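Spelled out from the first residue to the last, the chains are:
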Amino acid sequence: MWLDGKFITFEGIEGTGKSTQISFIAKELSARSLDVLTLREPGCTKISEKIRNLLQYDKECHNMFPETELLLFEASRAQLVREVIAPAIGKGFWVLCDRFFDSTTAYQGSARKLPMHIIEMLNSFAAGGYVPDMTVIFDMDPALSLGRLTGRSTNLDRIEAEDLEFFSLIRKKYLEMAKNDSRFVVIDASIEPVMLGKNIMNEIAKKFF
Ligand code: Z5A
C-alpha cells in the first residue's frame, strides 16, 4: 500500500473492454475529487511509445524473438515507472494503468513459454519494487473478445494476430494468478458496459473507500 496515491492495474486479453472501463472509472474517481492519471503499457513516455511501435506495429520487426520481446516490454516499463508512475503516486494521484507486469507473466511467460524465474526477476527489476495495490482482471472467452476487435479493424498488430490457443493460455494464466493473490479481482467482462463499470467501481469501493 502507498501512503499517498493508489496504483490500480487492469489486465485481460484484448478486446475485453479495459480501455472503455478505465475511462469510466477515471471519471468516477475524479468526481470524488481524486487526482487521477490514466496510462497504458507499453507506452506513455517518449521512449516507451517508440518501444510500443517496435513491439506492435513496425513491419520490419515481425521476426522478433520472444527474448527480445520480453526485454522491450521491460524496458518500456522501466522508463514509465521512473518517469511517470513513481512521481505521480508520490504526489497522491490514483494511477490507473492499462496493463502492467502481470501482462508479461501471462503473455511472455505462459504464452511465449519463457522461463518464469527470469520473468519474475525482470518484472521486479523494471518495476523498481512498485506493485499494484489492486489488479482487475477482465475475464471472458477469447473467441468472443477477439471477435470485438475484428469489428474495430482488419489490421491486427503483431501480437493480436496470434491464434486462439495463445489467448486461451493467457486467460488461464490470469485466472491462476488470481487464485493465489488477494491483490487480484476477477470480473466477468462479457456483460454490457454500464453494468460492468458498476461492478468494477463496487470492487474499488470495497477495497479503498
Ligand atoms: N503485452 C505483452 O505481451 N506483454 C506485456 O508485458 C504488456 C503487453 C504490457 C498491448 O495491446 C499488447 O501488448 C497486448 C498485450 C501485449 N497484445 N495484444 N494483442 P494494446 O495496448 O494495443 O491493446 P490491449 O491492451 O490488448 O487492449 P485492446 O485491444 O485495446 O482492448 P481493450 O482495451 O481490452 O478493449 P476496448 O478497446 O475497451 O474495447 C474493445 C472493443 O469492444 C471496442 O470496440 C469496444 O467498443 C467494445 N466493447 C468494450 N466493452 C464492451 C462490452 N462490455 N460489451 C461489448 N462490447 C464492448
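This is a predicted model, so every value here is computed, not measured.

Asks: Would you explain the environment of Phe-73 in this entry?
Replies: Tracing the sequence through the fold places Phe-73 in helix 3 (residues 66–90). The class for Phe-73 is buried, based on a relative accessible area of 12%. On a C-alpha basis, the gap between Phe-73 and Gly-129 in space is 16 Å, while along the polypeptide they are 56 residues apart. Ignoring anything within four residues of it in the chain, the contact list for Phe-73 reads Pro-42, Leu-55, Gln-108 and Ile-159.

Asks: Help me understand the side chain of Ser-145, please; the structure alone is not making it clear to me.
Replies: Within the element layout of this structure, Ser-145 appears in helix 6 (residues 142–152). On the basis of relative accessible area, Ser-145 is assigned to the buried category, the value being 0%. If we ignore the near neighbours within four places in the chain, the residues touching Ser-145 are Ile-13, Glu-14, Gly-15, Thr-16 and Met-140.

Asks: Looking at this model, I keep getting lost on the site of the ligand. Mind explaining?
Replies: Residues in close proximity to the ligand total 27 residues, the closest being Glu-14, Ser-19, Thr-20, Arg-99 and Thr-104. Within the side chain of Lys-18, a nitrogen or oxygen atom sits 2.8 Å from an oxygen atom of the ligand. Between the ligand and Pro-193, the relevant distance is 3.5 Å, taken from a nitrogen atom to a main-chain nitrogen or oxygen of the residue. Within the complex, 84% of the 1,100 Å² of free accessible area of the ligand lies under protein. Broken down by secondary-structure element, the contributors of at least two residues to the shell around the ligand are helix 1 (18–30), helix 2 (46–57), helix 3, helix 4 (101–111), helix 6 and helix 8 (193–208). Residue composition of the shell around the ligand, by class: seven nonpolar, nine polar and eleven charged.

Cut-off values and rules
- Residues numbered from 1 in each chain as written.
- Predicted model: local features only at pLDDT ≥ 70, side-chain atom pairs only at ≥ 80, totals over all residues.
- Heavy atoms only, no water.
- Helix = DSSP H or I, 4+ residues; strand = E, 2+ residues; numbered from the N terminus.
- Buried < 20%, exposed > 50% of the residue type's maximum accessible area, 1.4 Å probe, protein only.
- Contact = heavy atoms within 4.5 Å.
- Near = heavy atom within 4 Å.
- Polar contact = N/O pair within 3.5 Å; in protein donor to acceptor, adjacent residues only side chain to side chain.
- Areas by Shrake-Rupley, 256 points an atom, 1.4 Å probe, with all protein chains shown as cover.
- Nonpolar A, V, L, I, M, F, W, Y, C, P; charged D, E, K, R; others polar.

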